Each structure stands twice: as structure tokens, then as C-alpha cells.
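Letter by letter, the chains look like this.
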Amino acid sequence: MAAIVDAHFAPAGSLRGELTAPPDKSISHRAALIGGFGDGETRIERYLDAADTRSTLDAVRSLGARVDAAPGGPGSLTVEIAGFGLRGAVAPAGPIDVGNAGTLIRLLSGLLAGQDGRSFVLDGDESIRSRPMGRVADPLREMGAAVETAEGGRPPVTIAGRPLRAIHYELPVASAQVKSCVLLAGLLAEGRTTVREPAATRDHSERMLRAAGADLRVERDHPSLPTDPVAATIGIEPAERLVLPPMTVPGDLSSAAFHLAAGLIVPGADVRIAGVGLNPTRIGLLGILNRMGADVEVVEGGFEGGEPVGSLRARHGHLQAALVGASEVATTIDELPLVGLLACFAEGTTRIEGAEELRHKESDRIDGVVGALNALGGDAEALPDGFAVTGTGGLRGGEMDSRGDHRLAMLGAVAGLASEEGVTVRDFGAARISYPGFEADLRSLLA
Ligand code: S3P
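Along each chain, residues carry numbers from 1 onward, in the same order as the chain's sequence is written. Where local features are concerned, this predicted model is filtered to residues with pLDDT of at least 70; where side-chain atom pairs are given and counted, the filter is 80 or more; whole-chain, interface and lining totals use all residues. In computing side-chain properties, one takes all heavy atoms of the structure into account and sets aside hydrogens as well as water.

A.B. asks: Please clarify how the domain arrangement of the protein should be interpreted in this entry.
C.D. replies: When the parts come together, some accessible area is lost, and that loss is often what is quoted as the size of the interface. Residue ranges for the domains originate in an automatic or database domain assignment. On domain assignment, one finds that the protein holds domain 1 (7-23 + 250-443) and domain 2 (25-239). Once you take the C-alpha centre of each, domain 1 and domain 2 turn out to be 27 Å apart. We call two residues in contact when some of their heavy atoms are within 4.5 Å. Each partner contributes residues to the interface: domain 1 has 30 residues there, and domain 2 has 28 residues. Here the buried area means the combined drop in accessible surface, using a 1.4 Å probe, for two parts upon being joined, counting both sides. In this assembly, domain 1 packs against domain 2 so that about 2,300 Å² is buried in total across both faces, 50% of it on carbon and sulfur atoms. A side-chain nitrogen of Lys or Arg and a carboxyl oxygen of Asp or Glu constitute a salt bridge if their distance falls within 4 Å. The interface formed by domain 1 and domain 2 holds three salt bridges in total. In protein, a polar contact means a hydrogen-donor-capable atom and an acceptor-capable atom, both N or O and within 3.5 Å, with residues adjacent in sequence counting only if both atoms are side-chain atoms; elsewhere, any N or O pair within 3.5 Å suffices. Our count for the contact surface shared by domain 1 and domain 2 stands at 14 residue pairs in polar contact (both at pLDDT 80 or more). Elements represented by at least two residues in the side of domain 1 that touches domain 2 include exactly β19 (307-315), α9 (326-332) and α12 (406-418). Where helices and strands are cited, they refer to DSSP runs of H or I of at least four residues and of E of at least two residues respectively, numbered from the N terminus.

A.B. asks: Sorry if this is basic, but what is going on with empty space enclosed by the protein here?
C.D. replies: Over the atoms, a rolling probe the size of a water molecule traces out where space has been left empty. Both cavities and pockets are sets of points on a 1 Å grid over the protein atoms alone; in a cavity a 1.4 Å probe fits but cannot get out, in a pocket the set is open with protein on both sides within 12 Å along at least five of seven lines, and lining residues sit with an atom within 4 Å of a point. Grid points are joined across faces, edges and corners, and a volume is the space filled by probe spheres set on the points. Here the structure, examined in full by the defined rule, presents two cavities of 30 Å³ or more. In this structure, the largest cavity occupies an estimated 50 Å³ of space. As for the largest cavity, its lining consists of Asp24, Ile27, His204, Pro250, Gly251, Leu253, Gly277, Leu278, Asn279, Arg282 and Glu307. For this classification, Asp, Glu, Lys and Arg are treated as charged, while Ala, Val, Leu, Ile, Met, Phe, Trp, Tyr, Cys and Pro are nonpolar and the rest, including Gly, are polar. Taken together, the residues of the lining of the largest cavity sort by class into four nonpolar, four polar and three charged. The computed volume of the second largest cavity comes to approximately 30 Å³. Taken together, Arg30, Leu33, Ile34, Leu107, Leu184, Ser205 and Leu209 make up the lining of the second largest cavity. Of all elements in the fold, only α1 (25-36) and α6 (204-211) reach the threshold of two or more residues within the lining of the second largest cavity. Residue contributions to the lining of the second largest cavity peak at three residues, all from α1.

A.B. asks: For this particular structure, what's the right way to read the site of the ligand?
C.D. replies: Throughout this document, a residue counts as near a molecule or strand when at least one of its heavy atoms sits within 4 Å of that molecule or strand. The local shell around the ligand consists of Ser26, Arg30, Thr103, Ser175, Ala176, Gln177, Arg202, Ile333, Asp334 and Lys361. Between the ligand and Gln177, the relevant distance is 2.8 Å, taken from an oxygen atom to a main-chain nitrogen or oxygen of the residue. Asp334 places a polar side-chain atom, nitrogen or oxygen, 2.7 Å from an oxygen atom of the ligand. For the ligand, the accessible surface in isolation is 390 Å², of which the surrounding protein chains cover 96%. Residue exposure ignores everything except the shown protein chains as possible cover, and the areas themselves are Shrake-Rupley values with a 1.4 Å probe.

A.B. asks: What's the story with the environment of Leu122 in this structure? I'm lost.
C.D. replies: With respect to the element layout, Leu122 can be found in strand β7 (residues 119-123). Measuring from C-alpha to C-alpha, the distance between Leu122 and Arg106 comes to 9.7 Å, with 16 residues separating the pair along the chain. Once you skip the residues sitting within four places of it in the chain, Leu122 turns out to touch Ile96, Val98, Ile105, Leu108, Ser109, Leu112, Pro155, Pro156, Val157 and Ile159.

A.B. asks: Got a minute to help me understand the packing of aromatic side chains in this structure?
C.D. replies: Describing an aromatic ring pair means giving the distance of the ring centres and the angle of the ring planes. A pair of Phe, Tyr and Trp rings is counted when the ring centres sit within 6.5 Å of each other, with Trp represented by its six-membered ring. The angle between the planes then sorts it: under 30 degrees is stacked, over 60 is edge-to-face, the rest tilted. In the structure shown here, the tally under the stated rule is five aromatic pairs. Ring centres 5.9 Å apart and planes at 70° place the aromatic pair Phe258 and Phe438 in the edge-to-face group. You can see Phe258 sitting in helix α7 (residues 253-265) and its partner Phe438 sitting in helix α13 (residues 438-443), a full 180 residues away along the chain. Residue classification places Phe438 among the buried positions, given a relative accessible area of 0%. With 5.4 Å between their ring centres and 65° between their planes, Tyr435 and Phe438 make a pair best called edge-to-face. With relative accessibility at 3%, the residue Tyr435 sits in the buried group. Taken together, Phe9, Phe258, Phe428, Tyr435 and Phe438 form an aromatic cluster joined through their ring pairs. Each residue's exposure class comes from its accessible area (1.4 Å probe, protein chains only) as a fraction of the maximum for that residue type: buried when under 20%, exposed when over 50%, partly exposed otherwise.

A.B. asks: What exactly am I supposed to notice about the side chain of Asp405 here?
C.D. replies: Counting through the fold element by element, Asp405 comes out in the loop between β24 (398-401) and α12. Here Asp405 falls in the buried class, since its relative accessible area comes to 0%. What Asp405 contacts, discounting residues up to four positions off in sequence, is Glu362, Ser363, Arg365 and Ala430.

A.B. asks: Would you take a moment to explain the sheet that holds strand β5 (residues 76-82) for this structure?
C.D. replies: Pairing between the strands of a sheet is mediated by backbone hydrogen bonds and can be parallel or antiparallel. Strands sit in the order β4-β5-β3-β16 across an open sheet of four strands; the sheet is mixed. Edge strands, defined here as strands with exactly one partner in the open sheet, are β4 (66-71) and β16 (247-248). Pairing analysis gives six bridges linking strand β3 (residues 41-48) to β5, with the strands arranged antiparallel. Each residue of the ladder has a partner; that of Leu48, found in β5, is Ser76. The convention used is that axes are lines fitted to C-alpha atoms, helices contributing only their stretch in contact, and that angles between N-to-C directions extend from 0 to 180 degrees. Sitting on the sheet, α1 is in contact with β3, β5 and β16, with an inclination near 165° to β3. Pairing between strands is defined by DSSP: at least two bridges between them are needed.

Next comes the structure, spelled out in C-alpha cells:
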């Protein structure tokens, strides 16, 4: 277990400069899994070098893949994986340790469910042991797998692989992890598996599976505006093999969002972030910022790893409160804590509703955000399915606890730079889960 590391972030005079966004976590996990369960060699450039995505490399290694990971550019690895094939996972002697990675445990469950005749145990850290697995165990059981969970449907999870049959699954929650789990199991099932999502969720799995040769079709509903991400029904046929062509992972908007937020609330700031993934199913934050009157420029520019990318520029200025409703939650899910932070600096009361899912992340992010903002002098109130934050023109500062949650740790750092007295973040070290270079990158912007 990593040692607890606290950090202090003093008020910043200003913030200026340009950064490159670190590689995307969701896409890195998927590339390693598809590479491991693929045929032959897969080469991944700009694979995220962070605790979560290292867990995925270790997992596919323990299942029989040969994995070479060499330092790439800053915060990234160049990874070569010799896969064991879609049905060729070897049962390791002990449990597979997923660490803190919810995406890993849920997506891998789908692939393991179809490894006929082999059994696997998936376990992880204290936070993973509190996360709901019934949401993937239910559809996998319906497909014919034997899945056992600990009390309350939590990890450790034991999966006995079986021949699977296709199902039609209506996701009870808008979750890309559950959608991906069922689609991956569908590759190993007999018949055509279809999944219906209640709202648009990130579609990285769909893009990558198609690139790897899967017969996957996405039928999207009609958007009310051409730019709106809308829910889809996805169908997938069983496959003999996957072969992922060499790919480069685009930058992670969810990580870039911390610098973007700092650019909006540190007086005089002007921050640019290059190479950011702008997949329409990930950019709910940009719409919310637009309504808050934030000075954000988005320049779209090309494709990386089958995903649209571009650059962002954020400048400090006046913000107004916004209402965030259920329809925006899935495309903004990991950035909602930052909307809460920004709301402390905005005029009026910002409300986030329909976001009960925040309670099931690496920590309960409704209680975590409200606790942190109030500890720093903010005016925040927890709702059953979100939170309300009334802007007070700024934040005093003080001490907050990351609760071991990487996104709360980084939020505390940004709050510190924009605060009057600075912020000490307890267990700031949790940032290593998704963005080990975060502190150095943020400090490089100090003018
Ligand atoms: C992720 C999906 C989201 C998100 C998580 C990463 C993914 O979770 O919060 O950080 O990579 O598919 P849910 O699918 O549970 O909403």
C-alpha cells in the first residue's frame, strides 16, 4: 500500500502557460484489455503511466499476456502486448489485484465470464471493496456465467467461465463500464448481444472494438440538436479474434479539466491544454462551462486513437451559477466535483441533480465534495442525488481530506491555488491513481 502523502497548495499569484493533457485513463484500460485478449502483438503509444492503468497491465500479464512497457513521453508508456487470444486466458494461481480500478474490474469481468472451464477471483483495495458489482454480475449471470460476490454485491468477485448466450440488456444505470462489460462478454456469447443505454455514455469500447475487427453496430436515437450526444442501442456479434492495430492514446479531458478549472478561478489566469480528447460522449463539462459564462476556447483538431482531439484555453473571469440535470450527468460524471468547486466562485446557486451515481465512485463523491468545499469555507449542501453550492465569491482555504480519491485530491490542489489562505490536502498522494505528474504540471503554470 502506498504511504499517505499530504500536500499544501498556496494561493497562486496567477497561472500561465501550456500543458499537454496526460493520456486518457478509460482508453488506456481498454487498449490493454483488448491487446491482452487479442491475437498477436498490439503496440500502444502514450499509454497512461498511472497506478490504475498499471493494474491493467499486471492483470493481463497474470492471465498470460507478454507485456513490455517502456517509458514514453512524460506520464506515458510505450506498451507492447503479445495477447493470449479472446478465449485463451490462463487462470492465475491467486486473485487478480485490480487495485483501485473500477473500469478494470468491471470490463475484465465480462471477458472472464466467457473463459469456459476456468475460474478467476478479482479483488482490489479498500475502495474497490465498497463498489457495487451486482450491476455487472446480474447480466453476466443472465448470459450463463457463474458469478459470486461478497456481501452486498461487492468485491472480491469469483467468476467461473462458462459458454455464454447472447442477451438483450437494458442498462438500469447509464454506465459505460456496465455497457462495456456486457459487450465484451457478447464477443464470447452465442448469438447477437444487444445493449440499450438510458443516456449516452462514453463509447470508447465501441470505437476500439470496431477498430480491432469486431462486428459491432451502434444505432443512435435522433438528437434534438445535431451536436447532442444521445443514447444508443449497441449490437455485437461473437468474434473469433480481436486484432487491435497500433494506436496512440489521446489526452484525458477528465485530467485536463483540473487545469482548465484552475484557469477559470485563479485571478489573472490564462491556461492552454493541448492534445485533449473531445469525444462527444465525454464533453458535458464544456456545455456546463458555457452556461456558466466561462471564458473557454475549444479548438478541434484531428483524430488520435480513433477519437476526436483538440486544444482548450481557459481564462479567469466572471462565472454564474448553472443547473445541471440528469441528462448531462453521464457525459460529465467525473467532472461534476469540479463543477462544485467552480460554483463556489460563481454568482448564485449551482444545483446538480440526477447524479446519485456519484455516491458509487472511488469514494462517495457527493459527501466528499460537500465536505471538502465546506471545510474550505464554501457553502455546499448534499442532496440525495447531487449537491447545491452557493457562490460566495471565493474560498477561504484550510484543510480537506481526499478520502483516498484521486479526483478529490486534485480538486483540493486547484482549490488551494484559487483560495485566500491555501489548502492542505490530506492524502494528496491519491492523485497517482490517474495522474502522477499532476502536481508538477499544475505548479509549472505558476506565473
Ligand atoms: C468509466 C466510466 C465511468 C467513469 C469512470 C470510467 C469507463 O464509470 O466514472 O471513471 O472507463 O468506462 P461508470 O461507467 O460506472 O459511470
